[in-house]
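These are the residues of each chain, in order.
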Amino acid sequence: MRAGEAYPVEVGCGLDVGALAAAALEVGDCALLTDSTVGPLYAGRVRRSLRAAGWRVLETVEVPAGEGSKSLAVYGEVLRRLARAGLMRDGALFALGGGVVGDLGGFVAASYMRGISLVMLPTTLLAMVDSSVGGKTGLDLPEGKNLVGAFLQPRLVAADLGFLESLPRRELSMGLAEVVKMGLLAGGRLFGALQRLAEALAGDAGALEELVLLSVSFKAGVVAEDERERGRRAILNYGHTVGHGLEAASGYGLAHGEAVAAGMVAEALLSRRVFGTDLVGLHERLLREAGLPVRVRGLEAAEVLGAMRRDKKRRGGEHRFVLLREVGRPVWGVEVGEEEALSAVEAVL
Ligand code: NAD
Ligand code: ZN
C-alpha cells in the first residue's frame, strides 16, 4: 500500500526494495548504510533485491547499533567510506535500520558531495511511522541530542513489516507511543484503528499494517503542510514537552517512548484543566495496551520542570504546550503557567 504524496511511502510485507527504488529514482550506483544488529539480519537480502533491479551496490557500511552512532566521528567515517568506494553525486544512499541509521544516513546524504539521493528502509516501528518521514536528519553532540542536522526529504520510504518480526517487544512499544500519539491527534480512521492495538500486538498483520499505513500517512500529511516546522507540524510534539523534560531529568536513562507516554498523560491532564475534556482514562488505557508506562519513578518534579525550561523549543516565560481539545482536535502554542505545569508533572511521577 502507498501513503506518500511528494515521494512514495510504501508499506507492506516482503517488499521488493530494488524494484520500488528503480521506480522512484534513476538506477545507478548506490551504497547501503546499516547497523551491526540489522546488517547481519537483512543487508544481504536488500543487496540481492537491489542488484536484481540493476543497482550497483558499491559499499555496505555497518555502524555500531545504538544512539552512539549519531556522532561526528561515525559520520566522518561513513563519508570517508563512501568517498573511498567512489560514490558520486548521482549516487544514492539506502539507509537500512532504525531511527539512528535514518538520522545519520539522512545527514550523510544531505551533505556528501552537497547532497545525494536518500532512500529510507526503516526497520523499527518508530522509524516506520515517525523518523523516516518528515525530512529531519541529524547527529548528536556531546553537548546535546540532535544539535546538528539538515532537512532532506527522501526519494522513497519503503517500510517492510516483515522486518518487525525480529524487533524486540520493547522496541515495538517505543514505536507504539508515537502511533498512539498520532491516533489521538488525528482522530478519524487512525483513532479507530487504535482500537485494534491489542490485535496488532498479538500478531494480527492486517491490524499492524493498517496502523503503520495510517500513521505514516498522517505524519506525511502534517509535514507536507509545514516542512520547516513553522506552524501545524508542532502538533507532532504532543506529549513531548513533558516527555523531553522527563528524558533529560533521568539523564536519558528513561527511553524516549516511555517518557513520551507519561508525557502524554501529563499533557492530557493539562488539556482537561484548560478545555474541560477528560481524555486521561483513554490515554492510560491505550498506553497500557501498547505496553507503555503511564507514570515514571524516581524523578523530582522540579528537575523535570528545570529540564523543560532549558528545552530549545521553549520561548518566553510561560510553558507552551500542544493540548487536545478533544480526540482529533489538537491546539498548539497553549501557554500554561509554572504552577499548573508543575502539578501535571507531579501527577505522573
Ligand atoms: P535505533 O535505530 O537505535 O533502533 C533500536 C534498536 O533496535 C537498535 O539496537 C537496532 O539495532 C535494533 N533494530 C532495528 N531494527 C531491528 C529489527 N528489525 N530487528 C531487530 N533489531 C532491530 O532506534 P529507533 O528507536 O528506531 O530510533 C531512535 C532514533 O530516532 C533517535 O536517535 C531519535 O532521535 C531519532 N528520531 C528521529 C526523528 C526524525 O524525525 N528524524 C523522529 C523520531 C526519532
Ligand atoms: Zn517522539
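Residues numbered from 1 in each chain as written. Chains lettered and ligands numbered in written order. Predicted model: local features only at pLDDT ≥ 70, side-chain atom pairs only at ≥ 80, totals over all residues. Heavy atoms only, no water.

1. Quick word on the coordination of the zinc ion (ligand 2)
Angles at a metal have ideal values that depend on geometry: 109.5 degrees with four tetrahedral donors, 90 or 180 degrees with six octahedral donors. Defined as follows: Keep in mind that water is not among the atoms, so a site may look incomplete; donors are the N, O and S atoms within 2.8 Å of the metal, or 3.2 Å for Na, K and Ca. Runs of H or I in DSSP of at least four residues are treated as helices and runs of E of at least two as strands, each being numbered from the N terminus. Three labels apply to residues, based on accessible area from a 1.4 Å probe with only protein chains included: buried if under 20% of the type maximum, exposed if over 50%, partly exposed otherwise in between.
Protein-derived coordination of the zinc ion (ligand 2) comes from Glu178 (OE), His240 (NE2) and His256 (NE2), at a distance range of 2.1 Å. Sequence positions of the residues that donate to the zinc ion (ligand 2) give the spacing E-x61-H-x15-H. Note that glutamate 178 is positioned in helix H6 (residues 169–186) and histidine 240 in helix H10 (residues 240–249), a separation of 62 residues in sequence. Across this residue pair, the class does not change: glutamate 178 and histidine 240 are buried.

2. Quick look at the site of ligand 1
The condition that has to hold: Neighbouring residues are identified by heavy atoms, a residue being near a molecule or strand if any of them is within 4 Å of it. In protein, a polar contact requires one atom able to donate a hydrogen and another able to accept it; more generally it is a pair of N or O atoms within 3.5 Å, and residues adjacent in sequence count only if both atoms are side-chain atoms. All accessible-area figures derive from a Shrake-Rupley calculation using a 1.4 Å probe, and residue coverage is judged against the displayed protein chains alone. Charged means Asp, Glu, Lys or Arg here, nonpolar means Ala, Val, Leu, Ile, Met, Phe, Trp, Tyr, Cys or Pro, and polar covers whatever is left, Gly included.
Near ligand 1 you find 24 residues, and of these Asp35, Glu67, Thr123, Thr124 and Ser166 are the closest. Contact distances for ligand 1 include 2.6 Å between an oxygen atom and a side-chain N or O atom of glutamate 67. Computed on the free molecule, ligand 1 has an accessible area of 870 Å², of which 84% lies beneath the protein chains in the complex. Listed by contribution, the elements that provide at least two residues to the shell around ligand 1 are helix H2 (38–52), helix H4 (99–111), helix H5 (125–131) and strand E7 (144–151). When the residues that make up the shell around ligand 1 are grouped by side-chain class, the tally is seven nonpolar, eight polar and nine charged.

3. Some details on the side chain of aspartate 103
For the record, the criterion: It only takes one pair of heavy atoms within 4.5 Å for two residues to be counted as in contact.
Take aspartate 103: it is sitting in helix H4. If we skip the residues at most four places from it in the chain, aspartate 103 touches Lys70, Ser131, Lys136, Thr137, Gly138 and Asn146.

4. As for empty space enclosed by the protein
Put simply, the rule reads: Buried and open spaces are told apart on a 1 Å grid over the protein atoms alone, a cavity being a set of points where a 1.4 Å probe fits but cannot get out and a pocket being an open set with protein on both sides within 12 Å along at least five of seven lines. Residues with an atom within 4 Å of a point are the lining residues. Grid points are joined across faces, edges and corners, and a volume is the space filled by probe spheres set on the points.
Applying the stated criterion to the full structure yields one cavity of 30 Å³ or more. Counted as a void, the largest cavity has a volume near 30 Å³. For the largest cavity, the full set of lining residues is Ala95, Gly97, Gly98, Gly99, Gly102, Met120, Leu121, Pro122, Ala127, Ser131 and Ser132. Going through the elements one at a time, strand E4 (92–97), H4, strand E5 (117–122) and H5 are the ones with two or more residues in the lining of the largest cavity. Per-element accounting of the lining of the largest cavity gives the leading share, three residues, to E5. Among the residues making up the lining of the largest cavity, the classes are represented as five nonpolar, six polar and no charged.

5. Section: the pattern of salt bridges
Working definition: two side chains of opposite charge can pair if their charged atoms are close together. The cut-off we apply is this: Each salt bridge in this description consists of a side-chain nitrogen of Lys or Arg and a carboxyl oxygen of Asp or Glu lying within 4 Å of one another.
The final tally for this structure, using the stated rule, is 20 salt bridges. Across the pair aspartate 103 and lysine 70 runs a salt bridge, and its minimum N-O distance is 2.8 Å. Residue aspartate 103 is found in helix H4, and its partner lysine 70 is found in the loop between strand E3 (56–63) and helix H3 (72–85); the two are separated by 33 residues along the sequence. Given the relative accessible area of 13%, aspartate 103 is considered buried. Three or more residues are tied together by salt bridges with common partners; here these are Glu67, Lys70, Asp103, Asp140 and Lys145.

6. Describing the layout of surface pockets
What counts is decided by this rule: Each domain's limits were defined by an automated method or a database of domain assignments.
Estimated volume of the second largest pocket: approximately 290 Å³. Lining the second largest pocket are 14 residues, and of these Leu164, Glu165, Ala200, Gly203 and Leu208 lie nearest its centre. Counting residues per element, the ones that place at least two in the lining of the second largest pocket are H6, helix H8 (197–201) and helix H9 (205–225). Considering each element in turn, the lining of the second largest pocket owes the most residues, three residues, to H9. A breakdown of the residues in the lining of the second largest pocket according to their chemical character gives nine nonpolar, one polar and four charged. Two domains each donate at least three residues to the lining of the second largest pocket, and these are domain 1 (9–167) and domain 2 (170–347).

7. Here's the deal with the pairing of strand E6 (residues 136–141)
For a regular strand, side chains alternate in direction, first toward one face of the sheet and then toward the other. Definition in use: For two strands to pair, DSSP has to find at least two bridges joining them.
Sheet topology note: the E6/E7 ladder contains five bridges and is antiparallel. Opposite threonine 137, over in E7, you have alanine 150 as the bridge partner. Turn length for the E6-E7 hairpin, with the two strands adjacent in sequence and antiparallel, is two residues.

8. A word on the sheet that holds strand E1 (residues 9–12)
Strand pairing in a sheet relies on backbone hydrogen bonds, with the paired strands running either antiparallel or parallel. Let me state the cut-off plainly: Comment: axis = line fitted to C-alpha atoms, over the contacting stretch for helices; angle = value between 0 and 180 degrees taken between N-to-C directions.
One open sheet holds the six strands; their spatial order is E1-E8-E5-E4-E2-E3, and the pairing between them is parallel. On the outer flanks of this sheet lie E1 and E3, each paired with one strand and no other. Put simply, the sheet's adjacent strands are angled 15° from each other on average, direction ignored. Sheet topology note: the E5/strand E8 (residues 156–160) ladder contains two bridges and is parallel. In the sheet register, valine 119 faces E8, and the bridge partner there is leucine 156. The strands that helix H1 (residues 17–24) touches are E1, E4, E5 and E8; relative to E8, the one it contacts most, it runs at about 160°. Most of the contacts of H4 go to E4, to which it runs at about 165°, and overall it touches strand E2 (29–35), E3, E4 and E5.

9. Focus on H3
Here is the rule: A helix's residues, less one, multiplied by 1.5 Å, set its expected span.
Between its first and last C-alpha atoms H3 spans 20 Å; for 14 residues at 1.5 Å apiece the expected length is 20 Å, and the two agree. Where H3 is buried, its residues touch E2, E3, E4, H4 and E6. Just past H3, the residue glycine 86 takes up positive phi, approximately 85°.

10. A few points about the packing of H3 against H4
Threshold: Roughly parallel means an angle under 35 degrees; roughly antiparallel means over 145; roughly perpendicular covers 65 to 115; every other angle is labelled oblique. Here a crossing is taken to be left-handed if its near helix is turned anticlockwise relative to the far helix by less than a right angle, and right-handed if that turn runs clockwise.
The contact between H3 and H4 brings their axes to 10 Å, and the two run at 55°. Considering the angle they form, H3 stands oblique to H4. For the pair H3 and H4, the sense of crossing is right-handed. Where H3 abuts H4, its residues Val74, Tyr75, Val78, Leu79 and Leu82 lie against Leu104, Phe107, Val108 and Ser111. Residue classes in the contact of H3 with H4 are distributed as eight nonpolar, one polar and no charged.

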